[in-house]
2 protein chains.
Amino acid sequence: MAKQGQWVLVKLRQMIMSGDLAPGTRIAEIPLSEQLGVSRTPVRLAFRTLEQEGLLQREGRRGFSIRKVGEKEIRDAVEVRGVLEGLAARLVAEQGLSKKGRAVLLECLEKGDTLFSKGTITEEDMSSYHDLNMVFHQTLIDLADNSALSLAVARNNHLPFASYSSIAVDLKALDREFMRLKLAHMQHHILVDALERGQGARAEAVMREHAYAGALYFEMFWGNRRRYGDVTFITAAAE
Amino acid sequence: MAKQGQWVLVKLRQMIMSGDLAPGTRIAEIPLSEQLGVSRTPVRLAFRTLEQEGLLQREGRRGFSIRKVGEKEIRDAVEVRGVLEGLAARLVAEQGLSKKGRAVLLECLEKGDTLFSKGTITEEDMSSYHDLNMVFHQTLIDLADNSALSLAVARNNHLPFASYSSIAVDLKALDREFMRLKLAHMQHHILVDALERGQGARAEAVMREHAYAGALYFEMFWGNRRRYGDVTFITAAAE
DNA sequence: ACTCGACAAATTGGATCCAATATAATTATA
DNA sequence: TATAATTATATTGGATCCAATTTGTCGAGT
């Protein structure tokens, strides 16, 4: 696909991920192609791609809409993420942790240690933690060296909350966030320890729990949105 | 998508799955649209869809090609299948086995028992076994009631050997095939027992081993193709 | 025999148009 | 006023064309 086609795809994905196009919003080829200043062809192809990814759904002759994602679907996806990342952890432990991979993971741990050693956390710290969290998880997946797994993880990651590319934080309760992220960070430590010891079952178990911990937090927010106020998503840049 | 577009997609997928278009074969929009008697537009869309599914790969200005799948990729996919179906088994055991679901699974077990009670197996028996195997596995996935899981399984199933929709059999060694399939069938029995008892960990473990057993067989064939002669794939009808 | 350059052919990406069909809006009728 | 019928509009699917770019072929020169 050429540059313009790629641009349309990325642009549309951005509009969805950023909330400019909210879930349930209807979109159609002609108005969007006019808005983006291109012909219908690249828009049509982008629609198909994003439909196949699960971000859009077809509304027949009314066009397409941004697919709404319910609570159960997110929970389902977290469950799948848990077993997939658990598999990654087990594979890495079984294969042995390479020097290079170990170095990357240790660097993430050290950075996190530095962040949490202050006893408090700022919004900027959150962003830093998010970056290192992404590097950590992606490194683990890459180290597993299983193409089907990498693909399955990527495909499962299109939902907020279900993916390590997006963490939800309550900026009005930073002390609580501090404790929560520190716990997640300790789980990273435990994982690396298990990997170094070649303990596959332990590594798998801690990664599964790691995913569930994220799901538990999601449930707190989702079920009590009024009580917990506004939530900020720190997300990955659009692909 | 309209009927013609769907037809082109299904047709092309059939041509790939059946081997009419062999791995590595180059295909392009214009010749294929002429061959199928349609314009380029539906062919273009089908190419994109199948590219996204992983069946085609882009060759730049030389068009597309049927993607070759190597041994490791298949093994990787079996590994992922193992943990996904293991998750399905665990979820079903945790949720409790419904009457309806139990009835379907038990019917599959009974049919299998009848097949294997003869002490020998014919090619037609193989086909029957394949059908009930598919129903069994798909029922399990459906009973898990996890949308992300169903999607992940479906997406992982595009490779032969890695999917329960395709089993490889050596028609020249039916006694050996009998024993192998009987073992797989016994694993189905064990799974249902675990489900009925609500034993999540046991259910998960037997399903994982079930997938690995298929992978082991694949390795026997792949590594010794000369020795084992021709292999017949009994596959699902194209979707 | 090999290499290079010119030209032709092949291929995709995008634009535009037409047809079919569903949806929405308007008008007529009870 | 409410409902049904009619008309207008919106939308996708497919066909066709043009442009850009890559790839392949052929001929000439060394």
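This text gives an overview of the structure that appears in the document. (Residues numbered from 1 in each chain as written. Chains lettered and ligands numbered in written order. Predicted model: local features only at pLDDT ≥ 70, side-chain atom pairs only at ≥ 80, totals over all residues. Heavy atoms only, no water.)

## Focus: the protein's contact with DNA strand C
Link 1 in the chain: In the vicinity of DNA strand C there are 24 residues, among which Gly 5, Ser 39 and Thr 41 of chain A together with Arg 48 and Arg 61 of chain B approach most closely.
Link 2 in the chain: Arg 48 of chain B places a polar side-chain atom, nitrogen or oxygen, 2.7 Å from a phosphate oxygen of DNA strand C.
Link 3 in the chain: A distance of 2.7 Å separates a base oxygen of DNA strand C from a polar atom in the side chain of Arg 61 of chain B.
Link 4 in the chain: Considered class by class, the residues forming the surface near DNA strand C number eight nonpolar, six polar and 10 charged. (Near = heavy atom within 4 Å. Polar contact = N/O pair within 3.5 Å; in protein donor to acceptor, adjacent residues only side chain to side chain. Nonpolar A, V, L, I, M, F, W, Y, C, P; charged D, E, K, R; others polar.)

## Overview of the sheet that holds strand 1 (residues 26-27) of chain B
Residue and element names in this part refer to chain B.
Link 1 in the chain: With antiparallel pairing, the three strands of this open sheet are ordered in space as 1-3-2. Each having just a single partner strand, strand 1 and strand 2 (56-58) make up the two edges of the open sheet.
Link 2 in the chain: Contacts from helix 3 (residues 40-53) reach strand 1, strand 2 and strand 3 (64-66), with the element oriented near 105° to strand 2. (Pairing = 2+ DSSP bridges. Helix = DSSP H or I, 4+ residues; strand = E, 2+ residues; numbered from the N terminus. Contact = heavy atoms within 4.5 Å. Axes fitted to C-alpha atoms, helices over the stretch in contact; angles between N-to-C directions.)

## Quick look at the protein's contact with DNA strand D
Link 1 in the chain: The environment of DNA strand D is made up of 24 residues, and the closest members are Arg 48 and Arg 58 of chain A together with Gly 5, Ser 39 and Thr 41 of chain B.
Link 2 in the chain: Each atom of DNA strand D within 4 Å of the protein was classed as base or backbone; sugar and phosphate made up 64%.
Link 3 in the chain: Arg 61 of chain A has a polar side-chain atom sitting 2.8 Å from a base oxygen of DNA strand D.
Link 4 in the chain: Mapped by element, the contributors of at least two residues to the surface near DNA strand D are helix 2 (29-36) and helix 3 (40-53) of chain A together with helix 1 (3-17) and helix 3 of chain B.
Link 5 in the chain: Residue classes in the surface near DNA strand D are distributed as eight nonpolar, six polar and 10 charged.

## A look at the pattern of salt bridges
Pairing of side chains with opposite charge becomes possible as their charged atoms draw close.
Link 1 in the chain: By the definition in use, this model includes 40 salt bridges over all chains.
Link 2 in the chain: Among the salt bridges present, the one from Glu 196 of chain B reaches Arg 102 of chain B, with a minimum N-O distance of 2.3 Å. In this pair, Glu 196 of chain B is assigned in helix 8 (residues 174-196) and Arg 102 of chain B in helix 5 (residues 99-116), connecting sequence segments 94 residues apart.
Link 3 in the chain: For Glu 196 of chain B, a relative accessible area of 37% translates into the label partly exposed.
Link 4 in the chain: Classification of Arg 102 of chain B as partly exposed rests on a relative accessible area of 37%.
Link 5 in the chain: Of the charged contacts in the structure, one is a salt bridge between Glu 177 of chain B and Arg 176 of chain B, with a shortest N-O distance of 4.0 Å.
Link 6 in the chain: In the salt-bridge network here, residues are joined through shared partners; they are Arg 90, Glu 94, Glu 204 and Arg 208 of chain A together with Arg 90, Glu 94, Glu 204 and Arg 208 of chain B. (Salt bridge = Lys/Arg side-chain N within 4 Å of Asp/Glu carboxyl O. Buried < 20%, exposed > 50% of the residue type's maximum accessible area, 1.4 Å probe, protein only.)

## Observations concerning helix 3 of chain B
The periodicity of an α-helix, 3.6 residues per turn, causes residues three or four places apart in sequence to face the same way.
Residue and element names in this part refer to chain B.
Link 1 in the chain: Its 14 residues place the ends of helix 3 20 Å apart at the C-alpha level, agreeing with the 20 Å of an ideal helix rising 1.5 Å per residue.
Link 2 in the chain: Among the residues of helix 3, those classed as buried are Pro 42, Val 43, Leu 45, Ala 46, Phe 47, Arg 48, Thr 49, Leu 50 and Glu 53.
Link 3 in the chain: Of the residues flanking the end of helix 3, it is Gly 54, one or two places downstream, whose phi is positive at about 95°. (Expected span 1.5 Å × (residues − 1).)

## Looking at the packing of aromatic side chains
Link 1 in the chain: Applying the stated criterion across every chain yields a total of six aromatic pairs over all chains.
Link 2 in the chain: Measuring from centroid to centroid gives 5.6 Å for Phe 116 of chain A and Phe 178 of chain A, while their planes differ by 65°, and the two rings are edge-to-face. One end of the pair, Phe 116 of chain A, is in helix 5 (residues 99-116); the other, Phe 178 of chain A, is in helix 8 (residues 174-196), and 62 residues separate them in sequence.
Link 3 in the chain: Since its relative accessible area comes to 8%, Phe 178 of chain A is described here as buried.
Link 4 in the chain: Ring geometry for Phe 116 of chain B against Tyr 129 of chain B: centres 5.7 Å apart, planes inclined by 70°, an arrangement best described as edge-to-face. With Phe 116 of chain B in helix 5 and Tyr 129 of chain B in helix 6 (residues 123-144), the pair connects residues that are 13 residues apart, well separated along the chain.
Link 5 in the chain: Overall, Tyr 129 of chain B belongs to the buried group, its relative accessible area being 1%.
Link 6 in the chain: By the ring-pair criterion, three or more aromatic residues cluster together here, those being Phe 116, Tyr 129 and Phe 178 of chain A. (Phe/Tyr/Trp six-rings, centres within 6.5 Å; stacked < 30°, edge-to-face > 60°.)

## As for the packing of helix 4 (residues 71-95) of chain A against helix 6 (residues 123-144) of chain A
All names here are of chain A.
Link 1 in the chain: Viewed as axis vectors pointing N to C, helix 4 and helix 6 meet at an angle of 60°, and their least axial separation amounts to 8 Å. Looking at the two axes, helix 4 sits oblique to helix 6. Note on packing geometry: the crossing formed by helix 4 with helix 6 is left-handed. Contact with helix 4, carried on its side by Arg 81, Glu 85, Ala 88, Ala 89, Leu 91, Val 92 and Gln 95, involves His 137, Leu 140, Ile 141, Leu 143 and Ala 144 of helix 6 and no other residues of that element.
Link 2 in the chain: For the contact of helix 4 with helix 6, a count of residues per class yields eight nonpolar, two polar and two charged. (Parallel < 35°, antiparallel > 145°, perpendicular 65-115°, else oblique. Left-handed = near helix turned anticlockwise from the far one by under 90°.)

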